[in-house]
Amino acid sequence: MIGRLNHVGVATPSIDDSLKLYRDLLGGKVYGAPFDLPAQGVRVCFVDVPNSQIELIEPLGEDSPIHGFLAKNPKGGQHHVCFEVEDILAARDALRARGVTILGTGEPRIGAHGTPILFLHPKDMGGVLVELMETPKGETH
């Protein structure tokens, strides 16, 4: 079921400051300009690394779900890991059948890559917030 690691999500109070680390200090390549995802309450920027991406996530608006994470981790930090799956609904149903809690409504929503995503509750995933993302059509790895 699990596919390749697509990205590691890093919550940050400032994408601009985080780019100084991931781009300027470590040499990552920025994949497009930062953009807003109002439906998720975040501003996002991807940094390419040789085998994956870092997704920088900054709060967007007062209702951003990232505020809670940053209240506990004011400098930011690793927020989630994202794995690709071929069929998001099949993955969801198989995981539910195994007792995994799907966050939110349990229905996929469109993520930053333009494909359906779901989040799995950390209590069922060894303390790690896991995002599942349907592999973008036409991409093979």
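Chemist: Give a description of the sheet that holds strand 2 (residues 29–37) that names residues and reports values.
Modeler: As summarised here, the arrangement of the 8 strands in space is 2-3-4-1-5-8-7-6, forming an open sheet in which the pairing is mixed. Of all strands in the sheet, those with a lone pairing partner are strand 2 and strand 6 (109–110), marking the two edges. Note: strand 7 (residues 116–120) against strand 8 (residues 130–134), 4 bridges, orientation antiparallel. If you follow L118 over to strand 8, its bridge partner there is L132.

Chemist: Which residues make up the pattern of salt bridges, and what are the values?
Modeler: For the structure shown, the criterion picks out 8 salt bridges. Note that R92 and E107 form a salt bridge whose closest N and O atoms lie 3.2 Å from each other. A residue pair is termed long-range when its members are at least 10 positions apart, and R92 in helix 3 (residues 88–97) and E107 in the loop between helix 3 and strand 6 qualify at 15 residues. With relative accessibility at 9%, the residue R92 sits in the buried group. A salt bridge links K123 to D124; its shortest N-O distance comes to 3.2 Å.

Chemist: Provide a residue-level description of helix 1 (residues 15–25), including the pertinent values.
Modeler: By the burial criterion, the buried members of helix 1 are I15, S18, L19 and Y22. Within helix 1, the buried residues cover an arc of 105° as seen down the axis, which keeps them to one side. Along helix 1, exposed side chains directed more than 90 degrees from the buried face belong to D16, K20 and L25. The secondary structure elements touched by the buried residues of helix 1 are strand 1 (5–11), strand 2, strand 3 (42–49) and strand 4 (52–59).

Chemist: Could you give me a rundown of a nonpolar patch on the surface, with the residues and numbers involved?
Modeler: On the surface, L21, L25 and L26 cluster together into a nonpolar patch covering about 320 Å² of accessible area. In this structure, L26 sits in the loop between helix 1 and strand 2. By relative accessible area, L26 is classed as exposed at 60%.

Chemist: I'd like a rundown of the layout of surface pockets, residues and numbers included.
Modeler: There is about 460 Å³ of room inside the largest pocket. Every residue lining the largest pocket is counted, 27 residues in all, and those nearest its centre are Q40, P65, R109, I117 and F119. Of all the elements in the fold, those that place two or more residues in the lining of the largest pocket are strand 3, strand 4, strand 5 (77–85), strand 7 and strand 8. In terms of residue count, strand 7 provides more of the lining of the largest pocket than any other element does, 3 residues in total. Classifying every residue of the lining of the largest pocket gives 13 nonpolar, 10 polar and 4 charged.

Chemist: For the environment of T105, give the residues involved together with the corresponding values.
Modeler: With respect to the element layout, T105 can be found in the loop between helix 3 and strand 6. Of the residues examined, T105 reaches a relative accessible area of 68% and is grouped as exposed. The spatial distance from the C-alpha of T105 to the C-alpha of K75 is 30 Å, given a sequence separation of 30 residues. Engagement of the side chain of T105 in a polar contact is seen with the backbone nitrogen of E107, the distance being 3.1 Å.

Chemist: Provide a residue-level description of the nonpolar core, including the pertinent values.
Modeler: Ranked by size, the top nonpolar core spans 20 residues in total, and within it I54, L56, L120 and L132 carry the most contacts. Mapped onto this core, the elements with two or more residues apiece are strand 1, helix 1, strand 3, strand 4, strand 5, helix 3, strand 7 and strand 8. Excluding residues within four positions of it along the chain, L132 makes contact with F83, V85, I88, A91, L95, P116, I117, L118 and L120. Core analysis: the next-biggest nonpolar cluster, separate from the first, contains 9 residues, A11, V42, V44 and F69 among them.

Cut-offs and rules
- Residues numbered from 1 in each chain as written.
- Predicted model: local features only at pLDDT ≥ 70, side-chain atom pairs only at ≥ 80, totals over all residues.
- Heavy atoms only, no water.
- Pairing = 2+ DSSP bridges.
- Helix = DSSP H or I, 4+ residues; strand = E, 2+ residues; numbered from the N terminus.
- Salt bridge = Lys/Arg side-chain N within 4 Å of Asp/Glu carboxyl O.
- Buried < 20%, exposed > 50% of the residue type's maximum accessible area, 1.4 Å probe, protein only.
- Arc of directions from axis to C-beta.
- Contact = heavy atoms within 4.5 Å.
- Patch = residues over 30% accessible without salt bridge, like charges linked within 9 Å, V, L, I, M, F, W, Y side chains within 5 Å.
- Areas by Shrake-Rupley, 256 points an atom, 1.4 Å probe, with all protein chains shown as cover.
- 1 Å grid on protein atoms, 1.4 Å probe; cavity = no way out; pocket = protein on both sides within 12 Å on 5 of 7 lines; lining within 4 Å.
- Points joined across faces, edges and corners; volume = space filled by probe spheres on them.
- Nonpolar A, V, L, I, M, F, W, Y, C, P; charged D, E, K, R; others polar.
- Polar contact = N/O pair within 3.5 Å; in protein donor to acceptor, adjacent residues only side chain to side chain.
- Core = buried A, V, L, I, M, F, W, Y, C linked by side-chain atoms within 4.5 Å.

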